[in-house]
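Residues per chain are reported as follows:
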Protein chains: 2
Amino acid sequence: SVNPDLASERQTSSFSVERLTALLDGGAEQTQIRRAVVEAIESDPVFSRENQYFQTQNERYEAAVRKAVHLQKKMHEMGWTENGPEYKYLYRALSGDVAFLLHRVFMRSISMLGSDKQIAKWIPLSTQHKLIGSYAQTELGHGTYLQGLETTAVFDTATQEFILNTPKISAMKWWPGDMGRSATHTVVFAQLYIHGKCYGIHPFIVQIRSLQDHSLCPGITAGDIGPKMNFEHIDNGYLLLKNVRIPRDNMLSKFCEVQPDGTYVRQGSQKINYFTMTTVRISVLADEVLTPLMKACTIAIRYSVVRRQSKLKPGEQEAKILDYQTQQEKLLPQLATAYAFHFINDYLQELFNRGYGEIQRKNFDMLPELHALSSGFKAVITQHCTAGVEICLRACGGHGYSLLSGLPSLYTKIFASCIYEGENTILLLQTARFLIKCFMAASSGQPVPPSVTYLAAVKHGKCPAKNKLDFLSPDIYTEAYQHVAVRLTSSTAAKLQDLIQSGVKKHDAWNQCTVQLVQAAKAHCHYIAVKNFAETVEKLETKAGIQKIMKHLCDLFALHGIFSNTGAFLYDGYTSAAQMDMVTASYLDLLAVIRKDAVPLVDAFDFTDKSLNSALGSHDGQVYQRLYEWAQKSPTNQMSPAYERYLKPLLHNTLSKL
Amino acid sequence: SVNPDLASERQTSSFSVERLTALLDGGAEQTQIRRAVVEAIESDPVFSRENQYFQTQNERYEAAVRKAVHLQKKMHEMGWTENGPEYKYLYRALSGDVAFLLHRVFMRSISMLGSDKQIAKWIPLSTQHKLIGSYAQTELGHGTYLQGLETTAVFDTATQEFILNTPKISAMKWWPGDMGRSATHTVVFAQLYIHGKCYGIHPFIVQIRSLQDHSLCPGITAGDIGPKMNFEHIDNGYLLLKNVRIPRDNMLSKFCEVQPDGTYVRQGSQKINYFTMTTVRISVLADEVLTPLMKACTIAIRYSVVRRQSKLKPGEQEAKILDYQTQQEKLLPQLATAYAFHFINDYLQELFNRGYGEIQRKNFDMLPELHALSSGFKAVITQHCTAGVEICLRACGGHGYSLLSGLPSLYTKIFASCIYEGENTILLLQTARFLIKCFMAASSGQPVPPSVTYLAAVKHGKCPAKNKLDFLSPDIYTEAYQHVAVRLTSSTAAKLQDLIQSGVKKHDAWNQCTVQLVQAAKAHCHYIAVKNFAETVEKLETKAGIQKIMKHLCDLFALHGIFSNTGAFLYDGYTSAAQMDMVTASYLDLLAVIRKDAVPLVDAFDFTDKSLNSALGSHDGQVYQRLYEWAQKSPTNQMSPAYERYLKPLLHNTLSKL
């Protein structure tokens, strides 16, 4: 039975939840496919996540391997293929709790970087799981700065082999997933040396474990890097190479080859390859970043209408905590953010598909823009979504802090997204470099890519809003965001030029502007996200209340951004203090409006109870009952040796009853 | 041997590290006592925290119990007493990794709330550990709002007993520390009923486990609530009471008593008791909140001078990451925050000691102010320190994300401080209520407590700064903070009045202002923190460079607050855009200045390597070596059954070498 406090929230929905779900899925047909996949996975006990919060790192790893192996069988049974429509829903259905994700990266890197001959040899072996692949790039001493990697691969013309070495401890490979315990092979990135000359970083296929008994191969030291803040199910590993010899054929040679005599030959254009790397940043967003925020919103909002605490009015029943303005102000902007980023993700996917087409036609013009967008949005989306999950966790108080709420694991996992696939600050500075370059170009009348043409149109006007309702006009707020983005880019460009003209060296000057450059890059992405949300809303169907509620969320997303960052808008008087009061008033009004539809808005994300795996967030709102049931299963409720060992001697047993 | 990149940082210190340590400790003699305690604890293998990051929740609990029991023996051996000078350093020396903390709360509640007779009976038993106490207040359905607690205690005149019950699942006690597995007794807070009439919440001593065999007493259901985001070493528990009868004497009766015939008698003033509750919020700050931030700063800053990544200038060696402005801007404000809050903590302790004296003289005038300060600062300090630890963790990239860095456990533990001892938003609203009340009083010419007299002096002036150096003047920035605090309080008071005058009911009006009330409360505390830091610096000895470096940190703390919250200062034109540019310039300049002393500034916190328990933060800076050594000890490097079970069948064993 559904908790009446939750049930009542669903009776007054201003829109059709089912239609909104279909919109999010990209059509009702997709919803159907997704639900079928989820049903098949969740009804199979091998994929169960029950008791997950009680498991050790070793148990989590074993379960992930078991699931990965079973998944092959399941796919075969169900007739799902890697190119079929079901495939993209698998990871979400498994909540990412599965091993061998790096096996796919291993395969992709061979497909992208290998010669036809290499692809013909390795891809079938990989597909049939006759080996387990990994991808060994990051080292103890180097992450983002790839040129600094220290592993060496020296070509030996006598034996036609590469000799791989870890010259010092900081050169040890560190972090590669599936490498700590599972992988038999890996792609190692190493500095290539021929006849004593260094040719930079290249990829090499290296076998690390025996296919007979899984023992480490000669010259290989490898293992698991130990406990992390999350990702207990993944065996992130280390790898130390000592005079490991591999045949010449094992250097992936689509773009570069070492000929038998040691001649180094570069062939083809790597540009498409860089592009593929760029798209990886975007491809992880939906499953690894947006889904966790949507889950966290679902859990926190459902809990907030079931939890009653204190009284809003004396003499009345205790109030649902979502009726407090402060609770609304915590959660509803996160909900708006989840929708905003869902739509920007659609936009980016579409843009990158278009980009891919262009690049295949050998038109590389879009590359810098795509690189800047993927870097900036990876940083901004991971940052906001991580902060959002944290807010959801805190908004659930003590119960949020229990692992049984599901929120701590969502949080500690999404947290990593700010670090992996490029550390966020570094990425924002890459976006900023693009912005500065385009701003300079635009200022001197040169053409610039579409997403930054707005930089050319520096306006010194003022915000035209006259009352609080004007701030519900997308034109008004989108222009305000645009104004801020232009101002931050132009003022930082000016500072940079001033410094250089005053004699500061170019690189020092850049460093001295980086704090402000990061701000400019964020403002650019924020502007595009707001603009895209507004444009998306405009195109939505007006039926079933969808457009109306999405318009509210778009307004909230935009006004929350202004309210949380008033200085940027007030600074040069573009927005006046009186207008800022209007923003605040409209923003707070919106909270009360969206609050009414809060539960239907998270219901539309369509998570099953099993996928939420949360004692606080299930469909029926039976929070306290579930917390109690789950807690009783905890291994901490088994008898502890601590009593016999320590407590019994301490307590003396002198008194039977006080 | 010390990593030369770390060693070089210590050679150019502008101040005496040892003198700064003594300042932080409150004198060189205190430093000596603290070090002796740390040495005694750390040299005893029973207290070792080695391998802690590899332990399960059960293992952590057992270790904590073992340590708690051993601590009694140790104290006896060392001649340390609970009133001795060593006692206050014990918890820090153990890094809080010890059981039976709630036993002390149990004792304190009896001392505070019990009659002389009750104290005479229970305190000696507790002191001799003939029982283990806990404190059962929070329920599944109620935390902050104590009046809502649902556990009942019905007085039975026939038997002269109270009958305790958990009437529904939401009334189950939930969270009490030491109760899940250890406690034999607990203080239960329940609604007292006599002859059918409810007299509100009262405390009762209840035995929950046998002193013979530790089995649960009749009518008691109790256990552990399971895994949490941290606090694995504590057995937070649940408790369900079914017709549990306790003698009339077990109601703690210093302030209220039920006489044999059921007459309810209230006696004495509870005010001193409320005051004691208030001080608990302040008393946890040093060990649970400031120490973790100081540790996180130590780890992140030492790591940031050892880690080299990418190049600042082409052709040069890779740069220490602390040389990047963005890394400085992440870490150095956290360092300044740690110092700022260390000094505000001193201020609060002193104020509360003074308050205690007044209250013992039956002068309760200071109570509202102390309550407002303890609530506001608990919220602001826990919030900023938690955010600071998170920033430190992220600033260490992937290695920060490894448990071996020590940062994830610092973070997930301090995180709880935002929730326990009063949820932060609720606390800030209590401070805000005090501010509004005082503002109204001050506006009508009535006297107000010292910390809020500034509210009476609403100034409509402008910031007088003329160049960036002016913003290094404490008068300039302290006044700016004051201006903002007054403005936010007065404008919210005005909104509140407007709403009420326009017919909105008082409670609705309050709710509609809460987002802004929270801002006002934060601004008030931030102002006091800045002012106190500036006043503290003024009084410091000028010798040994101490005052100079503290002045820099004070400036940084103040300017960071303005830089991060420009809107509040720009809003009404108190600070102009040109002045904000000066703030930015001075702020960024300061980063480069303080960066030079960053390592000595964390060295002064004087943490041992054992207490940091971090592969990244040790004194010698041998980061990579230690990560590798520690990882090898992880249980994830033992043989896993996953190979035989899942991998071997998968890999087919068809190929021996590819």
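Keep in mind the model is a prediction, meaning the values are calculated, not measured.

Asker: Hey, could you run me through the overall build of chain A in this one?
Answerer: When its secondary structure is counted, chain A shows 24 helices and 11 strands. The C-alpha radius of gyration of chain A comes to 28 Å, within 12% of the 26 Å expected for a compact globule of 658 residues. In chain A, the proportion of contacts linking residues at least 24 apart, taken out of those at least 6 apart, comes to 72%. Of the roughly 24,900 Å² of accessible surface on chain A, 53% is carried by carbon and sulfur atoms. If you average the places of the 68 positive and of the 61 negative side-chain charges in chain A, the two averages end up 3 Å apart.

Asker: Sorry if this is basic, but what is going on with the pattern of salt bridges here?
Answerer: Two side chains with opposite charge may pair up if their charged atoms get near one another. Tallying each qualifying case throughout the model produces 64 salt bridges over all chains. Salt bridges sharing partners connect three or more residues here, namely E18, D25, R34, R35 and D606 of chain A.

Asker: What's the story with the interface of chain B and chain A in this structure? I'm lost.
Answerer: How big an interface is tends to be expressed through the accessible area that disappears when the partners come together. Taken residue by residue, the interface counts 140 residues in chain B and 140 residues in chain A. Contact between chain B and chain A buries roughly 11,500 Å² in total, counting both sides, with carbon and sulfur atoms accounting for 63%. Our count for the chain B to chain A interface comes out at 4 salt bridges. Residue D508 of chain B pairs with K313 of chain A through a salt bridge whose shortest N-O separation is 3.6 Å. Joining chain B to chain A, the criterion identifies 54 residue pairs in polar contact (both at pLDDT 80 or more). Ranked by residue count, the leading element in the side of chain B that touches chain A is helix α16 (residues 506-539) of chain B, at 10 residues.

Asker: Where do I start with the nonpolar core in this structure?
Answerer: When a protein is soluble and globular, its nonpolar side chains tend to lie buried together. Among the nonpolar cores identified, the biggest contains 320 residues, and Y339 and M550 of chain A together with Y339 and M550 of chain B are the most heavily contacted of them. Looking at this core, the element that brings in the most residues is α16 of chain B, giving 17 residues.

Asker: I keep staring at the packing of aromatic side chains and nothing clicks. Help me out?
Answerer: For any pair of aromatic rings, the description rests on two quantities: the centre-to-centre distance and the angle between the ring planes. Enumeration over the complete set of coordinates arrives at 42 aromatic pairs over all chains. Note on F231 of chain A and Y401 of chain B: the rings are 6.4 Å apart at their centroids and 65 degrees apart in plane angle, and the pair reads as edge-to-face. One end of the pair, F231 of chain A, is in the loop between β7 (220-224) and β8 (237-241); the other, Y401 of chain B, is in helix α12 (residues 397-401), on a second chain. We classify F231 of chain A as buried; its relative accessible area is 15%. The class for Y401 of chain B is buried, based on a relative accessible area of 4%. Here the aromatic rings of F275 of chain A and Y356 of chain A are separated by 6.0 Å at their centres, their planes lie at 25 degrees, and the arrangement is stacked. Of this pair, F275 of chain A sits in helix α8 (residues 271-283) while Y356 of chain A sits in helix α10 (residues 325-360), and the two are 81 residues apart along the sequence.

Asker: Honestly, the relation of the copies chain B and chain A in this entry has me stumped. Any pointers?
Answerer: With an RMSD of 0.0 Å, chain B superimposes on chain A once it is rotated by 180 degrees and translated 0.0 Å along the axis. Here the symmetry operator amounts to a two-fold rotation axis. In terms of proximity to the rotation axis, the leading residue of chain B is G567 of chain B, whose C-alpha is 1.7 Å off the axis. Interface overlap between copies: 100% of the residues of chain B at the interface are likewise at the interface in chain A, consistent with a symmetric, same-surface contact.

Asker: Teacher, can you tell me more about the pairing of strand β2 (residues 152-156) of chain B here?
Answerer: Residues and elements named next belong to chain B. Within β2, 4 of the 5 residues are buried, which leaves the element mostly enclosed by the surrounding structure. Relative to strand β3 (residues 161-165), β2 runs antiparallel, the two being bridged by 5 bridges. Within β3, the position partnered with A153 by the bridge is L164. Count of turn residues in the β2/β3 antiparallel hairpin: 4 residues, of which Q160 carries a positive phi of about 60 degrees. Bridging between β2 and strand β5 (residues 185-194) involves 3 bridges; their strand directions are parallel. Paired with V154 across the two strands is Y193, which belongs to β5.

Asker: Looking at this structure, how should I read the UniProt feature "domain: Acyl-CoA oxidase C-terminal" (unreviewed entry) in chain A?
Answerer: As recorded in UniProt, the sites labelled "domain: Acyl-CoA oxidase C-terminal" (unreviewed entry) are residues 474-651 of chain A. Secondary structure over residues 474-651 of chain A splits into 75% helix and 0% strand, and the C-alpha atoms at its two ends are 69 Å apart.

Asker: What is the right way to read the packing of helix α11 (residues 367-395) of chain A against helix α17 (residues 514-539) of chain A from this model?
Answerer: Two packed helices can be described by the angle between their axes and the distance between those axes. Residue and element names in this part refer to chain A. Where α11 meets α17, the axes come as close as 9 Å, and the angle between the chain directions of the two elements is 85 degrees. For the element pair α11 / α17, the angle class is roughly perpendicular. Contacts between α11 and α17 involve L373, G376, F377, V380 and H384 from the former and K522, H524, C525, H526, I528 and A529 from the latter. Grouping the amino acids of the contact of α11 with α17 by side-chain chemistry returns 6 nonpolar, 4 polar and 1 charged.

Asker: Explanation requested: the environment of L570 of chain A in the structure shown.
Answerer: Counting through the fold element by element, L570 of chain A comes out in helix α19 (residues 566-570). Separated by 10 residues in the primary sequence, L570 of chain A and M580 of chain A place their C-alpha atoms 7.9 Å from one another. For L570 of chain A, the residues in contact, after removing those within four places along its chain, are T575, S576, A577 and M580 of chain A together with G567, L570 and Y571 of chain B.

Asker: Where do I start with helix α13 (residues 407-414) of chain B in this structure?
Answerer: Residues three or four positions apart in an α-helix share a direction because the helix packs 3.6 residues into each turn. With 7 of its 8 residues buried, α13 of chain B lies for the most part within the structure. For α13 of chain B, the complete set of buried residues consists of L407, P408, L410, Y411, T412, K413 and I414 of chain B.

Asker: Got a minute to help me understand the UniProt feature "binding site: FAD" (unreviewed entry) in chain A in this structure?
Answerer: Residues and elements named next belong to chain A. Under the present numbering, the feature "binding site: FAD" (unreviewed entry) in UniProt falls on T138 and G177. Taken together, the annotated residues stretch across 40 residues yet fold into one region, lying no more than 10.7 Å apart by C-alpha. Every residue in contact with T138, bar those within four places of it in the chain, is listed here: G143, M172, K173, W174, W175 and P176. Inspection of the secondary structure puts G177 in the loop between β4 (173-174) and β5 (185-194). If sequence neighbours within four positions are ignored, G177 has contacts with L102, S134, I234, D235 and N236.

Asker: Which parts of the structure should I look at to understand the environment of Y643 of chain A?
Answerer: Inspection of the secondary structure assignment puts Y643 of chain A in helix α24 (residues 641-651). Setting aside residues no more than four positions away along its own chain, Y643 of chain A makes contact with K648 and P649 of chain A together with Q212, D213 and H214 of chain B.

About the cut-offs
- Residues numbered from 1 in each chain as written.
- Chains lettered and ligands numbered in written order.
- Predicted model: local features only at pLDDT ≥ 70, side-chain atom pairs only at ≥ 80, totals over all residues.
- Heavy atoms only, no water.
- Helix = DSSP H or I, 4+ residues; strand = E, 2+ residues; numbered from the N terminus.
- Rg over C-alpha atoms; globule rule 2.2 N^0.38 Å.
- Contact = heavy atoms within 4.5 Å.
- Areas by Shrake-Rupley, 256 points an atom, 1.4 Å probe, with all protein chains shown as cover.
- Lys, Arg positive; Asp, Glu negative; His and termini not counted.
- Charge placed at Lys NZ, Arg CZ, Asp CG, Glu CD.
- Salt bridge = Lys/Arg side-chain N within 4 Å of Asp/Glu carboxyl O.
- Buried area = accessible area lost by both parts, 1.4 Å probe.
- Polar contact = N/O pair within 3.5 Å; in protein donor to acceptor, adjacent residues only side chain to side chain.
- Core = buried A, V, L, I, M, F, W, Y, C linked by side-chain atoms within 4.5 Å.
- Buried < 20%, exposed > 50% of the residue type's maximum accessible area, 1.4 Å probe, protein only.
- Phe/Tyr/Trp six-rings, centres within 6.5 Å; stacked < 30°, edge-to-face > 60°.
- Least-squares fit on C-alpha atoms with pLDDT ≥ 70 in both.
- Pairing = 2+ DSSP bridges.
- UniProt positions renumbered as here; feature names shortened; annotations may be inferred.
- Axes fitted to C-alpha atoms, helices over the stretch in contact; angles between N-to-C directions.
- Parallel < 35°, antiparallel > 145°, perpendicular 65-115°, else oblique.
- Nonpolar A, V, L, I, M, F, W, Y, C, P; charged D, E, K, R; others polar.

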